[in-house]
Amino acid sequence: MTAWNDTSARDALNRIFMTAVASADPSKVLQQHLPSPPRGRCVVVGAGKASAAMAAALEAAWPNVDLSGVVVTRYGHAVPTGRIEIIEASHPVPDDRSAEAAKRILAAVEGLTADDMVIALISGGGSALMVSPAEGMTLADKMAVNRALLASGATISEMNAVRKHLSRIKGGRLALAAKPARVVSLLISDVPGDDPSEIASGPTVADPSDIETVREIVSRYALDLPENVRKVLEKGEETPKAGDIAEDIRLIAAPSLALQAAADETVKLGLTPLILGDSLEGESRDVGAVMAGIAISARRKGLPLKGPAVLLSGGETTVTIGKGPAGKGGRNTEFLLSLALTLKGADGIWAIAGDSDGIDGVEDAAGAVVTPDTLARMRAAGVDPRQSLVSHDSYTAFRAAGDLVVTGPTLTNVNDIRAILIG
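Residues numbered from 1 in each chain as written. Predicted model: local features only at pLDDT ≥ 70, side-chain atom pairs only at ≥ 80, totals over all residues. Heavy atoms only, no water.

Trainee: Can you help me understand the sheet that holds strand β4 (residues 117–123) in this one?
Mentor: Sheet architecture is open: six strands sit in the order β3-β2-β1-β4-β5-β6, paired in parallel fashion. The two strands at the open ends of the sheet, each matched to only one other strand, are β3 (85–89) and β6 (248–253). The sheet shows a mean angle of 15 degrees between the axes of neighbouring strands, taken without regard to direction. Across six bridges, the pairing between strand β1 (residues 42–47) and strand β2 (residues 67–74) is parallel. Note on β2: the bridge partner recorded for Val 43 is Ser 68. (Pairing = 2+ DSSP bridges. Helix = DSSP H or I, 4+ residues; strand = E, 2+ residues; numbered from the N terminus. Axes fitted to C-alpha atoms, helices over the stretch in contact; angles between N-to-C directions.)

Following this line, the structure appears as structure tokens:
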């Protein structure tokens, strides 16, 4: 039996995290979900952090099929392709390249026939990477909306409902533009419950949300929106609903599958996995405190499992930024800092949390690791961890402790992976 210490626990947690990420590698999972090639043209479009890797996997799977098209991914996430053009744009706040990508994608699906096929490669992040503001709005308006949403504490589902009703391409409008061609959507999910209408704001999927829901979200979070945006919402143009577009939706990777891969790796390490769920939501600091409480209780009173165990979870927590200054950090490092503060250096508990795309927020780390002496090392480096949590400066705190997890872009995205090892 392994005698768990900081070194062995770090190694185990890193293996578990990277195994979960690898399970969503497009080169390994895309081919088995492909349809038969069409009689006519095959146009490939897409958006998301994994879209370039998906495009490369499609080209490798169909070496003799005449493919054309364009996909957009985050800066730094492009890969070489031969027939499908890759555009890079900004995330999480769109830029001019995001607008250009949407324009090019809509142009690519114009004038198609019923013999043609559109393959849409959609993954998390696509909502910001592919923007086409509704009539009467500017790109600056769209950027202001994204900033307001990201700072509001709204859930990803609520954010997407707003984005879809302010777009010419989201909420099923891309599929509507491709008619009468057949549209096959290959999706890598990063959303709770794997709802295809939520992934990248569902550009090829009928939208179940309505304009009244969007207005209520704007009111509840007191979103400060430009006047042009408020006029669009007052006008109330609806997105395509069920029956307006034909759907062929194929989920090729998802948080639940990634967590199962992590659980399988946990068993190989001689540990007992317990999957708590793939759709945990809430404020990052609140979820961190709750998870720490569960871990402490399990450590003191034992689990309904034998021996050392790993608590696994996924989903997307939120960070609500107040009016004061904010430091550097993402939802995973904020979750971990709150967890560490609640654990208070408890012996025999280690944790990792990271975004499966390799970028937590806008910094260069996927996430971080917590060990029993993490807080002590932060303080020794001159960092007050509690003040860092208050000022949303978790990245700086973990960097000072030497506990950041840096993977670089992983070219996939199945949301966050969290693992707590109880020795």
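After presenting the structure, the write-up continues.
Trainee: So what exactly am I meant to see when it comes to the pattern of salt bridges here?
Mentor: Side chains bearing opposite charge may pair, as long as their charged atoms lie close to each other. One pass over the full model with this rule turns up 21 salt bridges. A salt bridge links Asp 357 to Arg 74, with the shortest nitrogen-to-oxygen separation between them at 3.9 Å. Here Asp 357 is found in the loop between β9 (349–355) and β10 (367–370), whereas its partner Arg 74 is found in strand β2, with 283 residues between them in sequence. For the pair Asp 357 and Arg 74, a shared accessibility class is recorded, and that class is buried. Put simply, Arg 182 and Asp 248 hold a salt bridge, and the shortest N to O gap is 2.8 Å. Linking Arg 182 in strand β5 (residues 182–188) with Asp 248 in strand β6, this pair joins segments that are 66 residues apart in sequence. Accessibility expressed as a relative area gives 37% for Arg 182, which makes it partly exposed. Overlapping salt bridges bring together Arg 10, Asp 373, Arg 377 and Asp 403 as one network. (Salt bridge = Lys/Arg side-chain N within 4 Å of Asp/Glu carboxyl O. Buried < 20%, exposed > 50% of the residue type's maximum accessible area, 1.4 Å probe, protein only.)

Trainee: So what exactly am I meant to see when it comes to the environment of Leu 233 here?
Mentor: Structurally, Leu 233 can be placed in helix α10 (residues 227–235). As for Leu 233 and Asp 207, which are separated by 26 residues in sequence, their C-alpha atoms are 16 Å apart. In this structure, Leu 233 is in contact with Leu 166, Ile 211, Val 214, Arg 215, Val 218 and Leu 225, ignoring residues within four places of it in sequence. (Contact = heavy atoms within 4.5 Å.)

Trainee: Teacher, can you tell me more about the packing of aromatic side chains here?
Mentor: For any pair of aromatic rings, the description consists of the separation of the ring centres together with the inter-plane angle of the planes. The tally for this structure, following the rule as stated, stands at zero aromatic pairs. When the ring centre of Phe 335 is taken as origin, the NZ or CZ atom of Arg 418, which lies over that ring, is 5.5 Å away. (Phe/Tyr/Trp six-rings, centres within 6.5 Å; stacked < 30°, edge-to-face > 60°. Lys NZ or Arg CZ within 6 Å of the ring centre and 35° of its normal.)

Trainee: Would you explain the packing of helix α9 (residues 211–220) against α10 in this entry?
Mentor: How two helices sit against one another is set out by the angle between their axes and by the gap between those axes. Viewed as axis vectors pointing N to C, α9 and α10 meet at an angle of 145 degrees, and their least axial separation amounts to 9 Å. Along this stretch, α9 crosses α10, giving a crossing that reads as left-handed. Contacts between α9 and α10 involve Ile 211, Val 214, Arg 215 and Val 218 on the former and, on the latter, Arg 230, Leu 233, Glu 234 and Lys 235. Along the lines of polarity and charge, the residues of the contact of α9 with α10 split into four nonpolar, no polar and four charged. (Left-handed = near helix turned anticlockwise from the far one by under 90°. Nonpolar A, V, L, I, M, F, W, Y, C, P; charged D, E, K, R; others polar.)

Trainee: What is the right way to read the sheet that holds β9 from this model?
Mentor: Within a sheet, each strand pairs with its neighbour through backbone hydrogen bonds, oriented either parallel or antiparallel. The mixed open sheet is built from six strands, whose spatial order is β7-β8-β12-β9-β10-β11. The outermost strands of the open sheet, each flanked by one partner alone, are β7 (272–277) and β11 (404–405). Of the pairings in the sheet, the one linking strand β8 (residues 309–315) to strand β12 (residues 416–422) comprises seven bridges and is antiparallel in character. Following the sheet pairing, Ser 313 is matched in β12 by Arg 418.

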